[in-house]
Amino acid sequence: MRHFGHISPAVRESLFFREPCAFDAGSSSRMLSAALGATLYSPATRPRLADDVIKQTGRGVVSMVLCLEDSIDDAEVVGAEANLVRQFADLDARDAEAPLLFVRVREPEQISDLVRRLGTSVRLLSGFVLPKFTEERGELFLEALTAAEAESGHRLFAMPVLESPELLHLETRGETLRGIARTVDKYRERILALRLGVTDFCSAYGLRRAPDMTAYDVQIVGAVIGDVVNVLGRADGTGFTITGPVWEYFRLQERMFKPQLRRSPFMGRAEELRTTLIEHDLDGLLREIELDRANGLMGKTCIHPSHVLPVHALSVVGHEEYSDAQDILRPERGGGGVLRSAYTNKMNEVKPHRAWAERTLQRAEVFGVAREDVGFVELLAAGLTD
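In terms of helices and strands, the protein carries 16 helices and 12 strands. Considered along the principal axes of its C-alpha atoms, the protein spans approximately 60 × 50 × 45 Å. Within the protein, the proportion of its 386 residues that are buried is 52%. Counting contacts in the protein only where the partners sit at least 6 residues apart, residues at least 24 apart contribute 76% of the total. If you sum the accessible surface of the protein, you get close to 16900 Å²; carbon and sulfur atoms cover 51% of it. Taking the average place of the 47 positive charges on the side chains of the protein and the average place of its 57 negative ones, the gap between the two points comes to 3 Å.

Have a look at this one:
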């Protein structure tokens, strides 16, 4: 699989100065953590889940979470587990292309039970999402995952969700973060990414952000995100990939962006598409994606397919960013110094900007580098395939 792999090679060539690389479930954890992109959540109760997975793969989704936790009623868990086992067997029998698949469980015991019940179709499973992760709960989850991997002989990753009240509350946040750090460091080779449960954070205070606001506008939430990145997202080799919070607004139209160009022959393409995005409550999403990256997050939790392409389009590295990153990381610049950017519009200071440049080239590897005259609008429009 590859990002933008659902569009034709000819179109990709016209868009990218450097195309996104190919990867699969067996790729390195470093590559997969950067490549998660828009991780689409789906309730595990859906009766045609295998069909849904195949359909979304054809639309550019590269990672999905099949949820047994908050997205379903407590009384549905047993049936949802049975449905998951059937749907994995269906996918396995069809030998269809599938994205990275994760299961969000409720309790550690579900991990070993599900892995045994999946049988040979466990080969399609990339790992588990671990809810309400703290030091105490996390240790139990990760012990169960380690045992299930050993029993099945199949590599399994963990994606802990940071969403507990202890993490949100100021008086317990510091120790909670330190405990989480100890746990994920102990199991570092199994941790693919850390996910943020912003909906739970808001719930603790009876809050809900409006569609024209980002998570960062809710100061309590923004403070937690900053502290999580401070402790767990450092660029010194001790940090982890931290993914962006969920965007919970969407419209129900199946073809929500199309037709895009029926409003006015006098409106420019970029302005028109922007208008369409605003009308469909995605202007806030676009701003939040930009703020995610500015605050050190990579990828995003998504609950609707219409969110996937904007996340991926805004994850592509611009030609100017790529040029700056390459200049900073040239071997002859190893001693530091300051240089004018190739675009002659900024200062690139080699030592302070090195970690940014390394992260930018990591993103360029999996999401590609746009051509000089290609921006978000062109990437988004090209991805709106039938």
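Turning our eyes to something else, we now look at the pairing of strand β3 (residues 63–67). Most of β3 is tucked away: five of the five residues are buried. Pairing of strand β2 (residues 38–43) with β3, which is carried by five bridges, proceeds in the parallel orientation. For Thr39, the partnering residue across the bridge sits in β3 and is Ser63. Handedness of the crossover joining β2 and β3 through helix α3 (residues 49–57): right-handed. In this structure, β3 lies alongside strand β4 (residues 100–104), joined through five bridges in parallel fashion. The partner of Val65 across the bridge, within β4, is Phe102.

Taken N-terminus to C-terminus, the directions of helix α8 (residues 170–186) and helix α10 (residues 219–232) make an angle of 40°; their axes are 10 Å apart at the nearest point. Here α8 lies oblique to α10, going by the angle between them. Crossing angle aside, the handedness with which α8 passes α10 is right-handed. Here Arg173, Leu177, Ile180, Ala181 and Val184 of α8 come into contact with α10, specifically with Ala223, Val224, Asp227, Val228, Val231 and Leu232. Residues that form the contact of α8 with α10 fall into these classes: nine nonpolar, no polar and two charged.

Moving on, we get to helix α16 (residues 376–383). Extensive coverage of α16 is indicated by the burial of six of its eight residues. Among all positions in α16, only Phe376, Val377, Leu379, Leu380, Ala381 and Gly383 are buried.

Thresholds applied
- Residues numbered from 1 in each chain as written.
- Predicted model: local features only at pLDDT ≥ 70, side-chain atom pairs only at ≥ 80, totals over all residues.
- Heavy atoms only, no water.
- Helix = DSSP H or I, 4+ residues; strand = E, 2+ residues; numbered from the N terminus.
- Buried < 20%, exposed > 50% of the residue type's maximum accessible area, 1.4 Å probe, protein only.
- Contact = heavy atoms within 4.5 Å.
- Areas by Shrake-Rupley, 256 points an atom, 1.4 Å probe, with all protein chains shown as cover.
- Lys, Arg positive; Asp, Glu negative; His and termini not counted.
- Charge placed at Lys NZ, Arg CZ, Asp CG, Glu CD.
- Pairing = 2+ DSSP bridges.
- Right-handed = clockwise from strand over helix to strand, strands pointing away.
- Axes fitted to C-alpha atoms, helices over the stretch in contact; angles between N-to-C directions.
- Parallel < 35°, antiparallel > 145°, perpendicular 65-115°, else oblique.
- Left-handed = near helix turned anticlockwise from the far one by under 90°.
- Nonpolar A, V, L, I, M, F, W, Y, C, P; charged D, E, K, R; others polar.

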